[in-house]
Amino acid sequence: MTSQSWLARALLVLVLAPAGGLFGKAVAEAAQVRPWWPWLVASLGWLVLAGGISMAVSHHDTEHR
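Residues numbered from 1 in each chain as written. Predicted model: local features only at pLDDT ≥ 70, side-chain atom pairs only at ≥ 80, totals over all residues. Heavy atoms only, no water.

Caption draft 1: Representation of the pattern of salt bridges. One pass over the structure, following the stated rule, counts two salt bridges. Between arginine 34 and glutamate 29 there is a salt bridge, and its shortest N-O distance comes to 3.6 Å. On the basis of relative accessibility, which here comes to 45%, the residue arginine 34 falls in the partly exposed class. When its relative accessible area of 8% is taken as the criterion, glutamate 29 is described as buried. One network of salt bridges, with partners in common, ties together Lys25, Glu29 and Arg34. (Salt bridge = Lys/Arg side-chain N within 4 Å of Asp/Glu carboxyl O. Buried < 20%, exposed > 50% of the residue type's maximum accessible area, 1.4 Å probe, protein only.)

Caption draft 2: Quick look at the side chain of serine 43. Tracing the backbone shows serine 43 in helix H2 (residues 37–63). Residue classification places serine 43 among the buried residues on the basis of a relative accessible area of 4%. Side-chain polar atoms of serine 43 contact the backbone oxygen of alanine 19, separated by 3.1 Å. Each residue touching serine 43, except ones within four places of it in the same chain, is listed here: Ala19, Leu22 and Phe23. (Helix = DSSP H or I, 4+ residues; strand = E, 2+ residues; numbered from the N terminus. Polar contact = N/O pair within 3.5 Å; in protein donor to acceptor, adjacent residues only side chain to side chain. Contact = heavy atoms within 4.5 Å.)

Here it is, written out as structure tokens:
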């Protein structure tokens with residue numbers, strides 16, 4: 001495995017795993033009839049922020065090959 005593919009896989013996990021956890025927290029809060037939308041907003045915010053960073057790093061990495 002090259003260093004580029006290792007980095008891409010690590011970034012994918014760092015983006016999706018926390019977003020999935022936050023989304024799961026939103027579902028758990030909704031099941032207990034509590035405000036769930038802040039967790040959903042946090043999940044979407046994390047996807048946008050971390051996904052953008054991941055995309056920038058991946059793009060930067062492919063440009064310098």
